[in-house]
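Residue strings, one per chain:
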Amino acid sequence: MTDKSPLSIHDLPNSYIGRSVPRPNTRRLAEGRGAFTDDLTLARMAHVAFVRSPHAHAEIKSIDVSPAEKSPGVIRIVAGEEMARHCTPWVGVLTHLKGLKSAPQYALAVGRVRWQGEPVVAVVARTRAAAEDAAALVEVSYEPLEPVVDMETALDPSTPVLHPELGDNLAFERIVDAGDVDAAFAEADFVADEVLHFGRHTGVTLEPRVLVADYNPGAGKLTVHMSTQAPHMMKNIFATHTGIDEDDVRVICKDVGGSFGIKIHTYPDDMAAVALSVMLKRPVKFVADRLESFVSDIHARDHRVKAKIAVRGGRITAIEIDDLTGIGPYSVYPRTSAVECNQVLNLVGGPYDFANYRAVGRVVLQNKNIMCQYRAVGHPVAFGVTEALVDSAARAADMDPAELRRNSLVPDDAYPYTGASGIRFEALSHQKSFEKMLQLMDYEGLRAEQARLRENGVYRGIGLAAMIEVTNPSPMFYGVGGAHISARDGVTIRLDPTGGVTCATGVTEQGQGTEAMIAQIAASAIGVPLEKVRVVTGDTETTPYGGGTWASRGAGIAGEAALQAGRALRGNILAVAAAMLQAEADTLDIRNAAVVDTDSGSERITLADLGKTVYFRGNELPDGVSPELVATRHYSPRQYPFAFTNGVQACWLEVDPDSGFVQLLDFWVVEDCGTVINPQLVDEQIRGGVVQGIGAALYEHCLYDDQGNMRNATMADYLVPMATEMPDITIEHLETPTAESVLGAKGVGEAGTAGAPAAVFNAINDAIGVLGGKITAIPATPESILKALGKV
Amino acid sequence: MKPAPFDYAKPASLEEAFSLLDGHGEDARLLAGGQSLLPTLNMRLSAPAILVDISALEALRGISIDNGMLRIGALTTHTELKASKEVARAAPLLAEAASHIAHPAVRNRGTFGGSLAHADPAAELPACVLALDASLEIAGRGGTRKVAAADFFHGLFETDLGPGEILTAVEVPVLRKGFRSGFAEFARRSGDFAMSALAAHGRFDGERVHELRLVYAGVDIRPVRAQTAEQTVEGKAVTADLLADAMARLGDDLDPMDDPHASGVMKLHLSGVLLGRVLSAMAGAHR
Ligand SMILES: Cc1cc2nc3c(=O)[nH]c(=O)nc-3n(C[C@H](O)[C@H](O)[C@H](O)COP(=O)(O)OP(=O)(O)OC[C@H]3O[C@@H](n4cnc5c(N)ncnc54)[C@H](O)[C@@H]3O)c2cc1C
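Quick caveat, the model's predicted, so the values are computed rather than measured.

A word on the overall build of chain B. For chain B, the count of helices and strands is 12 helices and 14 strands. The globule rule puts the C-alpha radius of gyration for 287 residues at 19 Å, and the 19 Å found for chain B is close to it. If one aligns the C-alpha atoms of chain B with their principal axes, the spans along those axes are about 60 × 45 × 30 Å. For chain B, buried positions account for 52% of its 287 residues. At a minimum sequence separation of 6, the contacts of chain B that also span at least 24 residues come to 62%.

Contact residues are listed per partner, giving 26 residues for chain B and 31 residues for chain A. Together, Met1, Arg188 and Arg189 of chain B form the three largest contributors to the area buried by chain B at its contact with chain A, with a combined 33%. Linking Arg44 of chain B and Glu132 of chain A is a salt bridge whose minimum nitrogen-to-oxygen distance equals 3.5 Å. One can count 13 residue pairs in polar contact (both at pLDDT 80 or more) joining chain B with chain A.

This part is about unusual backbone geometry. All names here are of chain A. In the segment running from Tyr333 into Pro334, the intervening peptide bond is cis, with an omega of -5°. Secondary-structure assignment places Pro334 in the loop between strand S14 (315-326) and helix H9 (339-347). With an omega of -5°, the peptide bond between Tyr415 and Pro416 qualifies as cis. Relative to the helices and strands, Pro416 resides in the loop between helix H11 (401-408) and strand S16 (417-418). Residue Arg44 is not a glycine yet carries a positive backbone phi of 65°. Secondary-structure assignment places Arg44 in the loop between helix H1 (26-30) and strand S1 (46-52). Given the relative accessible area of 52%, Arg44 is considered exposed. Unlike most non-glycine residues, Phe260 shows phi in positive territory, near 55°. What makes Phe260 partly exposed here is its relative accessible area of 27%.

With that settled, the discussion passes to the site of the ligand. Residues and elements named next belong to chain B. The local shell around the ligand holds 30 residues, among which Leu30, Gly34, Leu37, Thr111 and Glu124 are the closest. Contact between the ligand and Leu37: an oxygen atom at 2.7 Å from a main-chain N or O atom of the residue. A distance of 2.6 Å separates an oxygen atom of the ligand from a polar atom in the side chain of Thr111. Among the secondary structure elements, those contributing two or more residues to the shell around the ligand are strand S2 (28-31), helix H7 (112-118) and strand S10 (166-173). It is H7 that contributes the most residues to the shell around the ligand, four residues altogether. Residue composition of the shell around the ligand, by class: 15 nonpolar, 12 polar and three charged.

Our focus in this paragraph is the domain arrangement of chain B. Here chain B is described as being made up of domain 1 (7-53), domain 2 (58-173) and domain 3 (183-286). Relative placement of domain 1 of chain B and domain 3 of chain B: their C-alpha centres are 36 Å apart.

A separate point is the pairing of strand S3 (residues 50-53) of chain B. Residue and element names in this part refer to chain B. Neither face of S3 is left uncovered, since the one carrying Ile50 and Val52 and the one carrying Leu51 and Asp53 both have all their residues buried. Bridging between strand S1 (residues 7-9) and S3 involves three bridges; their strand directions are parallel. The partner of Asp7 across the bridge, within S3, is Ile50. Bridge count between S2 and S3: four bridges; the pairing is parallel. Its bridge partner lying in S3, Arg29 is registered against Leu51. In this region the chain leaves S2, passes through helix H2 (residues 37-42) and returns to the parallel neighbour S3; the handedness of that crossover is right-handed.

Here the focus is the domain arrangement of chain A. All names here are of chain A. Looking at the assigned domains, one finds that chain A contains domain 1 (37-145 + 208-256 + 262-296), domain 2 (376-471 + 640-788) and domain 3 (488-635). For domain 1 and domain 2, the distance between their C-alpha centres works out to 38 Å. Counting residues at the interface gives seven residues for domain 1, matched by eight residues for domain 2. Of the roughly 640 Å² buried between domain 1 and domain 2, counting both surfaces, carbon and sulfur atoms make up 64%. On the domain 1 side of the contact with domain 2, Ala56, Gln116 and Phe294 bury the most area, a combined 69% of that side's loss. In this assembly, domain 1 and domain 2 are joined by zero salt bridges. Across the contact surface, domain 1 and domain 2 share one residue pair in polar contact (both at pLDDT 80 or more).

Definitions and limits used
Residues numbered from 1 in each chain as written. Chains lettered and ligands numbered in written order. Predicted model: local features only at pLDDT ≥ 70, side-chain atom pairs only at ≥ 80, totals over all residues. Heavy atoms only, no water. Helix = DSSP H or I, 4+ residues; strand = E, 2+ residues; numbered from the N terminus. Rg over C-alpha atoms; globule rule 2.2 N^0.38 Å. Buried < 20%, exposed > 50% of the residue type's maximum accessible area, 1.4 Å probe, protein only. Contact = heavy atoms within 4.5 Å. Buried area = accessible area lost by both parts, 1.4 Å probe. Salt bridge = Lys/Arg side-chain N within 4 Å of Asp/Glu carboxyl O. Polar contact = N/O pair within 3.5 Å; in protein donor to acceptor, adjacent residues only side chain to side chain. Near = heavy atom within 4 Å. Nonpolar A, V, L, I, M, F, W, Y, C, P; charged D, E, K, R; others polar. Domains from an automatic or database assignment. Pairing = 2+ DSSP bridges. Right-handed = clockwise from strand over helix to strand, strands pointing away.

Written out as structure tokens, the structure reads:
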């Protein structure tokens, strides 16, 4: 045994589970040695820039590319009809979202443009600058049409229909009716209602969308290097719409500078860039710049929810909601833009024990940028609504909002439990989490401080938000509806004659630490130090087929596959060792990269020596031994559609009643995501998620004018949350593992974003309620707060 | 987001710079710190044929005090402005305002002269030079002229600078006895351009305030003085009632436009809050 080993015999096996070991890739990234897609330069690589529609809704009258074609460095200029011959259109519907309709979407607009920013003409040139120079010379003449901007009037008979063949602008509608809602409201002691608005915003990734498509006509193969969350899904999509055999398409994804759900959709400009590579038989690079990101990356949220709650006997008894959301001109392919509304309907009231629930959700088309799944899909809306209702109900009932929650949370001993909307929970810890939160934040102490400060004209507020999070999705999320999106993920683990271990997996690294998580689990399962483990992600040709990174599934799904593969490889190694050492396999163990006697711990053979024997001197092996130093295992949840997690978030802030400015003072999270593999990575996910949720609550908003133009499409005007304004975020954990897997891990990637907006929203209203103010929309701007106070 | 093609020249002397400007006329643009100009190029909001980089012109550097005048070279960065002992002593308003400009990376490159010449209506320094009654030194082929800050800012990104002219320095009268200044702003996030900013400068004699200049940024197409409010408080002791009175009259001075971050009404309201806070602080500091 070597002394420098980080492992002691006593903490094997599983010693890395629950330990905050540093991520293996941080040093490389910190030294500027990342490998991002834009770093890639290929021979004969061309660059594409897009002419985008300046109108939200217009007929394309004519396109004149002749002056642009003469611009230096131009290789090819392509418009909609020609592009359609090389890239077939797509329709973003799934069969399990009944009635969802959308129209064919083309890589470049054909005939009509339907949002400001829609790509119309692709200009390929030797450099991006030359492409932009030429793009500025392309003349497109438009005949503007009346834009459909306001989702509230999108269904009015007088409103133009975006896609005449669809008949109207209603893309999707769903109704839930459970229990006896009318009776519950009739019998209620108290009823409260709200009309709430959740602003449209977007996920601003540090690295924008980027790809290099490289079609090799000699091999008939298409390789697409791209910053993506789902390489295998994209492989299917590129093949389907360019007509190349799917087995001849390879997607490679190296470092990703953030994704948040932005990099998991079919974007017309991406599709055009790929088709252009096939057309031109040379590599084509497309990097979305910041200005085009704002009008082409998916947006999210933009919900108007009318909601009502009934309280009887100090408990929640019924909730009723009417959700309306505008998704832009197309349902996004292949995940669809009905999922967020669907999630809102599923999740409203989720933490609470009540039986009477009625919900209507409508998804409408409009002439704004496309909208789809972004971190914590539907959650901030669902808990924004639920938690605002709970606070309103507490005010109506003159109860402490903590008390109403305590009375109404699903009891910890009620599992398995089915929520009012029909969602099924395996095991959650709402009550324990809630009590832990009240202690952590010193709820009583804060209430006393709040009262004291009010006497000096200082207005502080406490916001509580209970929440659940959809993680570890089963095939019921997308696959069941016909999408080629894998719910299953695999890990292949290989032992080399160096003693080194390589894991290949279909989940991807977005900067959140997937590779560290896989390495920790594999190292623990096999019995090797972490330094011995390498992880390969993001290549459809070298990793097991899988779904990628979304819906907080990496640790829960690929983590379990890594555990099972690691155990299988360990078994294979011990079988070889037993034969070589003439021992029984079950008296042997692997610790610190060596086979040892389980009882004494004494070393028998190192894995490196074992590997060398197997690979170089196989002749020394006893007859009949056929070593297999590679193992693959896959995992997909089956028993529950999702492994729900739960948590509570709380915010303490101060509102300046003169200026409407909000100062965030403190923020707490109690989270139960099952088995915690790497506490630091989990906490970073929560913190980052909370900050994004604070962005939604206070800053981020895609503002549109009445003509459908985005008014703040720059980093100067679209406000992302910045470090200076962020509070400290204190996090504590409970661990209720899922019994569906051995690992027991659930997801945590979206929890912060899911609950933070509700906590901030409630805290603001808690602060200004005594002044007679109440906000009903996020982001809450200083102006909206002063309006609520009647000051402007 | 790539700029249109342009040429680049870096003159070693003012003479050389003037020749370049003469040679290219309207097609040339001066480049100082580039913190305002380069974004506009990248967004293709402007496409000059040549950038004349003035950063090597020693004549535009330096901070000195001479004859009751603080002289600040146009190339002084926001960071230097913030750190300068001379500025802290002779014109503390400038140092205070500089700390509200953007973030360290921008302050390390962005220049005093660039900020004034760019004349962003929400920028802090134009409001300050107006409040301090500074004079701006402008050099051209034909010689050097001086323009009062009050005559320099014409409109949205428009100044008194003519073609072929370079802003070389700013002169500010050294803070005189009894004078005080104050600065505050409301910005959505620290470092953002202000929704409203107030630069104030005036003389205190006991409780009473005299010769007060209240200059707002972010509320109009250029920095504006709130003269009605100034007159309301002239010669009076700063009391809550007086402040309320001055705030109520601010509407006569300011008529802010809407922007994505705030309506005009909101900006006017915030301007009033600033007036109360800045003047109270100035009066309080005197006690
Ligand atoms: C992210 C960011 C945030 C910012 N936030 C703020 C803020 O909060 N407040 C604020 O005030 N500013 C802000 N700025 C702008 C910054 O202060 C700039 O430094 C300043 O506006 C321009 O100075 P510059 O030296 O960079 O000028 P440049 O960008 O080089 O030039 C700006 C213009 O002035 C002209 N010019 C420059 N120098 C001279 C001269 N000596 N004579 C004649 N013409 C000249 C140029 O030709 C050009 O037209 C911000 C900038 C960025 C990038």
